[in-house]
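Structural overview for review
Chain residues, written in single-letter form:
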Amino acid sequence: LGSLLVFNNEHPVAVPNLLYWANIYLADGSNLWLGTLAVVLVFAQVVVLSRFIPAGDRRSWAAAAFIVAAGILLFSRQGSWNFTRSMSGVAWVTANLGVLGAIVLRWRGRVWPAVALGLVASLSLTTGLLVWPVLVLVGLLVDRRWRPDWRVVGIGAAVWIWYLLSYPRATN
């Protein structure tokens, strides 16, 4: 746990490191357990994507088609890396799940839970850092005002500054 915030392949993988640590103690480091976790996390992404559909429209054919298409795309053969290389997959899908959840929560006006999931995404993989500009944009659309929410901007800027200061640079 002492190396929780150490970058791995230029990624801040704190959340996956916690899951790897739990895997060591709960499943003796089994890659099968991590692959199963990746499947559960991808299924959770399908559930979160279904939350983008307004409650009144969830029984329509279009909603069903959207959910089925999301499931097919997320569980496609092209995404099999997430399951066969489950250590990498757990990092990717944790970041993706954090981003999707943060967007849904921000869209519903729940700023602090969205920020918390934004932090989970940012501490899972470098791609999760891109949640911050998206959360600002979603906030502008939802709040219908011309200034972004200071909480999202401030915490997002702090995360980006931390990343830029902590990023492992190659030395010649």
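Note: the structure precedes this text.
First things first, this report covers the structure right here in the doc.

Conventions and cut-offs
- Residues numbered from 1 in each chain as written.
- Predicted model: local features only at pLDDT ≥ 70, side-chain atom pairs only at ≥ 80, totals over all residues.
- Heavy atoms only, no water.
- Helix = DSSP H or I, 4+ residues; strand = E, 2+ residues; numbered from the N terminus.
- Rg over C-alpha atoms; globule rule 2.2 N^0.38 Å.
- Buried < 20%, exposed > 50% of the residue type's maximum accessible area, 1.4 Å probe, protein only.
- Contact = heavy atoms within 4.5 Å.
- Areas by Shrake-Rupley, 256 points an atom, 1.4 Å probe, with all protein chains shown as cover.
- Lys, Arg positive; Asp, Glu negative; His and termini not counted.
- Charge placed at Lys NZ, Arg CZ, Asp CG, Glu CD.
- 1 Å grid on protein atoms, 1.4 Å probe; cavity = no way out; pocket = protein on both sides within 12 Å on 5 of 7 lines; lining within 4 Å.
- Points joined across faces, edges and corners; volume = space filled by probe spheres on them.
- Polar contact = N/O pair within 3.5 Å; in protein donor to acceptor, adjacent residues only side chain to side chain.
- Axes fitted to C-alpha atoms, helices over the stretch in contact; angles between N-to-C directions.
- Parallel < 35°, antiparallel > 145°, perpendicular 65-115°, else oblique.
- Nonpolar A, V, L, I, M, F, W, Y, C, P; charged D, E, K, R; others polar.
- Salt bridge = Lys/Arg side-chain N within 4 Å of Asp/Glu carboxyl O.

1. Section: the overall build of the protein chain
For the protein chain, the count of helices and strands is eight helices and two strands. Reading the protein chain from its N terminus to its C terminus gives the helix and strand order β-β-α-α-α-α-α-α-α-α. For a compact globule of 172 residues, the expected C-alpha radius of gyration is about 16 Å, and the protein chain comes in at 17 Å, within 12% of that figure. Projected onto its principal axes, the C-alpha positions of the protein chain cover 50 × 35 × 30 Å. Burial status across the protein chain gives 39% buried among its 172 residues. In the protein chain, of all internal contacts separated by at least 6 residues, the share reaching a separation of at least 24 is 66%. Accessible surface, the protein chain: about 10,400 Å² in total, of which carbon and sulfur atoms supply 68%. Charge-centre separation for the protein chain: the mean point of 13 positive side chains lies 7 Å from the mean point of 5 negative side chains.

2. A look at the layout of surface pockets
In this structure, the largest pocket spans a volume of roughly 190 Å³. The wall of the largest pocket is formed by N8, N9, H11, V13, Y20, M87, S88, A91, W92 and L125. A per-element tally of the lining of the largest pocket places helix 5 (residues 86–107) first, with four residues.

3. Quick look at the environment of S76
Checked against the element boundaries, S76 lands in the loop between helix 3 (61–74) and helix 4 (81–84). With 11 residues separating them in the primary sequence, S76 and A65 have C-alpha atoms 16 Å apart. Engagement of the side chain of S76 in a polar contact is seen with the backbone oxygen of L73, the distance being 3.1 Å.

4. A look at the packing of helix 7 (residues 131–143) against helix 8 (residues 150–166)
Between helix 7 and helix 8, the shortest axis-to-axis distance is 9 Å and the interhelical angle comes to 170 degrees. Judged by the inter-axis angle, helix 7 sits roughly antiparallel to helix 8. Across the interface between the two elements, W132, L135 and V136 of helix 7 pack against V152, V153, I155, G156, V159 and W160 of helix 8. Counted by class, the contact of helix 7 with helix 8 contains eight nonpolar, one polar and no charged residues.

5. Examining the side chain of Q45
Relative to the helices and strands, Q45 is located in helix 2 (residues 31–50). Dropping the residues within four chain positions of it, Q45 is found in contact with L74, V93, N96, L97 and L100.

6. Some words on the pattern of salt bridges
Where charged atoms from two side chains of opposite charge come close, those side chains can pair. A complete count under the given rule lists two salt bridges for this structure. Here D143 ties to R106 by a salt bridge, and the two come within 2.7 Å at their closest N and O atoms. In this pair, D143 sits in helix 7 while R106 sits in helix 5, placing the two residues 37 residues apart along the sequence. A residue is classified by how much of its surface remains accessible, and D143, at 30% relative accessible area, is partly exposed. Exposure remark for R106: the relative accessible area of 1% places this residue in the buried category.

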